[in-house]
Amino acid sequence: MAMVEEPLYPIAVLIDELKNDDIQLRLNSIRRLSTIARALGEERTRKELIPFLSENNDDDDEVLLAMAEELGVFIPYVGGIEHAHVLLPPLETLCTVEETCVRDKAVESLCRIGSQMRENDLVEWFIPLVKRLAAGEWFTARVSACGLFHIAYPSAPEMVKTELRSIYSQLCQDDMPMVRRSAASNLGKFAATVESAHLKTDIMQIFEDLTQDDQDSVRLLAVEGCAALGKLLEPQDCVAHILNVIVNFSQDKSWRVRYMVANQLYELCEAVGPEPTRTDLVPAYVRLLRDNEAEVRIAAAGKVTKFCRILSPELAIQHILPCVKELSSDSSQHVRSALASVIMGMAPVLGKDATIEQLLPIFLSLLKDDFPDVRLNIISKLDQVNQVIGIDLLSQSLLPAIVELAEDRHWRVRLAIIEYIPLLASQLGVGFFDDKLGALCMQWMQDKVYSIRDAAANNLKRLAEEFGPDWAMQHIIPQVLEMSSDSHYLYRMTILRAVSLLAPVMGSEITCSKLLPVVVNASKDRVPNIKFNVAKVLQSLIPIVDQPVVEKTIRPCLVELSEDPDVDVRYFATQAIQSIDHVMMSN
């Protein structure tokens, strides 16, 4: 008997904990509802557990949120899809609570359950639930109802469909702005399920009401609806119904609405098609680029390349480029930064001549901007320009600016330049690189910031891969050897890092003759951090050098380090010795 009761004991505890005063215990129990349901069986879950949850919904928000989430995946525990409707009452109650995240999660779970329910069950249980919520006394119920129409509508009989459209229309004119906001943000989902005949009449009427709402928070959600509805309508209907709304919104008195238009404009252009974009939306976009609110200009500037791709180069040069020139010297650093992050993409759109003539001066002015993020955004996209104007021109015009930025006071700018160097090297070729940039690469090895020194060591490895071991032997290795005796221990550590990265590229012979002596010499260093890094580097060299070298040079050095007074040095040296033994055994 005890054997039978054993698994039920924890279940009894979990059920008790559902009523416990301690919120953490209740939360723990709710999160394990599926365990309780499995133990109770499908019938008892339907008849006892779900009604219990329906009654106990005046709990803490955290517990209710967990309950709303759990119930969304509960269909298997109540006996499958034919019994899914029993999950609706507790979720319906959760849709009316005050806390927004609980309501949102309850709506999400209802949508998940509704999308799996059988059609006749939807008509019998789900649609009445939506109607009850839509007629709820509290605005919270009506807010939740708006998110359920797209699940309820497709299965409804014709008469009920008409009623649902009418109810949605009433929700869009609700006294509470929160309800109208919810209706506006869910309109696209609902419209996608409505038949095209009603789309042009009922839905467009609802949409027009929302676009003229006196609350800007409702109107800005209607802007999102523009793009969603535009994709559902035929192009000619889209131009007739949506285009004027977009143009009016771009001049809305609320900057938040204009900001939303600037953010969505590319999607809106796709909805209305190329011709209306050229005639109506280009002037609207130019207005947004010159808006008196910086936030609107930021959003508009960030879309400049995408927008230019829709236009012909002539239109872009005629209308958009003058605005871009103005934005490059905008009073807001964030506008300039947004522009810098996308302006490079305009080069392929405008072509070589226009890029050289019009864009290059803008690039140069942004490369010298006071704000580091602006400089950073330009540097990281230089390759897009190189593809258009070629390396010669790029190096003549931009290289002086790049050399200047290599010593920028902001380390993130220096880091971006370092990461761009291998690409620049491959495009400039070895001769040009040696003249202009070679010295910089070694200079970074002694930077005050660790991230720069680490990136500089990686950079040497990538350059050695690009130009080959012979070039590295001539230009990198001598300077690395020279720096290995630097008086500052952090710089000596960077050299060890560079050696471990260069060794695989340089191959066994150069590693043994040039790099290994540097590491062995560093094992005599007085700083423990150097010595345990020596142990790590020696371990990384084991697979690169020949076995006799390991036994003759590396092992004695590690044995000496394994007897060091410092505990970390001993630890890493012992690890490296074990690594040698492991390699020998496997051989």
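This is a predicted model, so every value here is computed, not measured.

1. Side note on the nonpolar core
Here is step 1: Phe126, Phe149, Ile320, Ile343 and Trp444 are the most contacted members of the largest nonpolar core, which totals 209 residues.
Here is step 2: Setting aside residues up to four positions removed in sequence, Ile343 forms contacts with Thr305, Val324, Leu359, Ile362, Phe363, Leu366 and Ile378.

2. A few points about the packing of helix 36 (residues 547-561) against helix 37 (residues 567-586)
Here is step 1: Contact pair helix 36 / helix 37: the axes reach a minimum separation of 9 Å and the direction vectors enclose 155 degrees. When the axis of helix 36 is compared with that of helix 37, the two are roughly antiparallel. Here the hand of the crossing between helix 36 and helix 37 comes out left-handed. In this structure, helix 36 contributes Gln547, Val550, Glu551, Ile554, Arg555, Leu558, Val559 and Leu561 to the contact, and helix 37 contributes Val569, Arg570, Ala573, Ala576, Ile577, Ile580, Asp581, Val583 and Met584.
Here is step 2: Residue composition of the contact of helix 36 with helix 37, grouped by class: 12 nonpolar, one polar and four charged.

3. Some points on the packing of helix 5 (residues 61-71) against helix 7 (residues 100-114)
Here is step 1: The contact between helix 5 and helix 7 brings their axes to 8 Å, and the two run at 10 degrees. Judged on the interaxial angle alone, helix 7 and helix 5 are roughly parallel. Contacts from Asp61, Leu64, Leu65, Ala68, Glu69 and Leu71 in helix 5 reach Cys101, Val102, Lys105, Ala106, Ser109 and Ile113 in helix 7.
Here is step 2: Residue composition of the contact of helix 5 with helix 7, grouped by class: eight nonpolar, one polar and three charged.

4. Details of helix 9 (residues 139-146)
Here is step 1: Of all eight residues making up helix 9, eight are buried, and the element is well covered by its neighbours.
Here is step 2: Elements that come into contact with the buried residues of helix 9 comprise helix 7, helix 8 (119-134), helix 10 (149-152), helix 11 (158-171) and helix 12 (177-191).

5. Comments concerning a negative patch on the surface
Here is step 1: On the surface, Asp60, Asp61, Glu62 and Glu98 cluster together into a patch of negative charge.
Here is step 2: When you line up the elements, Glu62 lands in helix 5.
Here is step 3: In this structure Glu62 comes out as partly exposed when scored by relative accessible area, which is 42%.

6. What about the state of the cysteines?
Here is step 1: The final tally for this structure, using the stated rule, is zero disulfides.
Here is step 2: This cysteine, Cys95, is not joined by any disulfide, and Cys111 carries the nearest cysteine sulfur, 8.8 Å off.

Cut-offs and rules
- Residues numbered from 1 in each chain as written.
- Predicted model: local features only at pLDDT ≥ 70, side-chain atom pairs only at ≥ 80, totals over all residues.
- Heavy atoms only, no water.
- Core = buried A, V, L, I, M, F, W, Y, C linked by side-chain atoms within 4.5 Å.
- Buried < 20%, exposed > 50% of the residue type's maximum accessible area, 1.4 Å probe, protein only.
- Contact = heavy atoms within 4.5 Å.
- Axes fitted to C-alpha atoms, helices over the stretch in contact; angles between N-to-C directions.
- Helix = DSSP H or I, 4+ residues; strand = E, 2+ residues; numbered from the N terminus.
- Parallel < 35°, antiparallel > 145°, perpendicular 65-115°, else oblique.
- Left-handed = near helix turned anticlockwise from the far one by under 90°.
- Nonpolar A, V, L, I, M, F, W, Y, C, P; charged D, E, K, R; others polar.
- Patch = residues over 30% accessible without salt bridge, like charges linked within 9 Å, V, L, I, M, F, W, Y side chains within 5 Å.
- Areas by Shrake-Rupley, 256 points an atom, 1.4 Å probe, with all protein chains shown as cover.
- Salt bridge = Lys/Arg side-chain N within 4 Å of Asp/Glu carboxyl O.
- Lys, Arg positive; Asp, Glu negative; His and termini not counted.
- Charge placed at Lys NZ, Arg CZ, Asp CG, Glu CD.
- Disulfide = S-S within 2.5 Å.

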